[in-house]
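Per-entry structural report
Listed below are the residues making up each chain.
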Amino acid sequence: MNRAQRLAQDAAEAAEVRAYQTHPDVVALRIERVRRQVDWMCWSGIVLGLAFTMTNVQGFASAGTGPGSLPWLAAWVLDPTVSLVLLAILRAEQVTARYQVRTGVWVRRAKWFTLAATYVMNTWTSFAAGEAASIVLHSVPPLVVFVAVEAITDLRDKLTDAVLVAAERHAGHEEPAKAGRRVLFADYLAIAREMWTPDVEITPAWVRRATGCSRGLSPRLARTLRSEVTDD
């Protein structure tokens, strides 16, 4: 083969490799591996942070009691009670975030309440004593848990977005219109805006019915329209 033929062969092989690398199923598999790593690291940090707070909460709850007494032993139950509720909420959100299903307002309130309760019980003694170093020491683990709890849910949602974007790009980000012009994302969004009324729940299924867009594009359109409606 001459040089041009070799280059043509290399280009064909590169195109084939790229086609597989950008295939939605391959992208989804890679993102799933990243998702598992992110989950493992975040969960490890959250559990370790909650374990650190356990002894501080026990000391707060058992103040004035003798070691080994019934109130002293019962104080060890307080922190696991709060932590288990928090972990249960996070585990449920791990599933709902994968499918981008919104949870109710009470779920978020319960999550914030358990985090706030952990922080207050963990730092109350330090604030009462006015010890700055102790306040910082006992504030860092609960705050890290709080930030991780909020971040992990958003990260799962964005990882799902990445899979959907890969599917859109594979199928073609723009879709052909009946009149011969390609319909852009902004065109579908404009149609959805016109069709929406305050009594309509914005879901991917409704977006598909209203605009005729593809199944892969409808979740993104629904999220964008919901965001605009919420901002308004």
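A brief look at the structure comes next. Computed from a predicted model, the values in this text were never measured in an experiment.

1. A few points about the nonpolar core
W206, V207, C213, L217, L221 and L225 are the most contacted members of the largest nonpolar core, which has 13 residues in total. Sorting the residues of this core by element identifies α6 (185–195), α7 (204–211) and α8 (218–231) as the ones contributing at least two each. Looking at which element gives the most residues to this core, the answer is α6, with four residues. In this view, L221 contacts F185, Y188, L189, V207 and C213; residues no more than four positions away in its chain are not counted. Counting twelve residues, the second-largest nonpolar core is a separate cluster that includes L50, L86, L90 and I152.

2. As for the pattern of salt bridges
Across all of its chains, the model carries three salt bridges by this definition. E93 is paired through a salt bridge with K111; the nearest N and O atoms lie 3.3 Å apart. A residue pair is termed long-range when its members are at least 10 positions apart, and E93 in helix α3 (residues 70–98) and K111 in helix α4 (residues 105–129) qualify at 18 residues. Side by side, E93 and K111 carry an identical accessibility label, which is buried.

Criteria and cut-off values
- Residues numbered from 1 in each chain as written.
- Predicted model: local features only at pLDDT ≥ 70, side-chain atom pairs only at ≥ 80, totals over all residues.
- Heavy atoms only, no water.
- Core = buried A, V, L, I, M, F, W, Y, C linked by side-chain atoms within 4.5 Å.
- Buried < 20%, exposed > 50% of the residue type's maximum accessible area, 1.4 Å probe, protein only.
- Helix = DSSP H or I, 4+ residues; strand = E, 2+ residues; numbered from the N terminus.
- Contact = heavy atoms within 4.5 Å.
- Salt bridge = Lys/Arg side-chain N within 4 Å of Asp/Glu carboxyl O.

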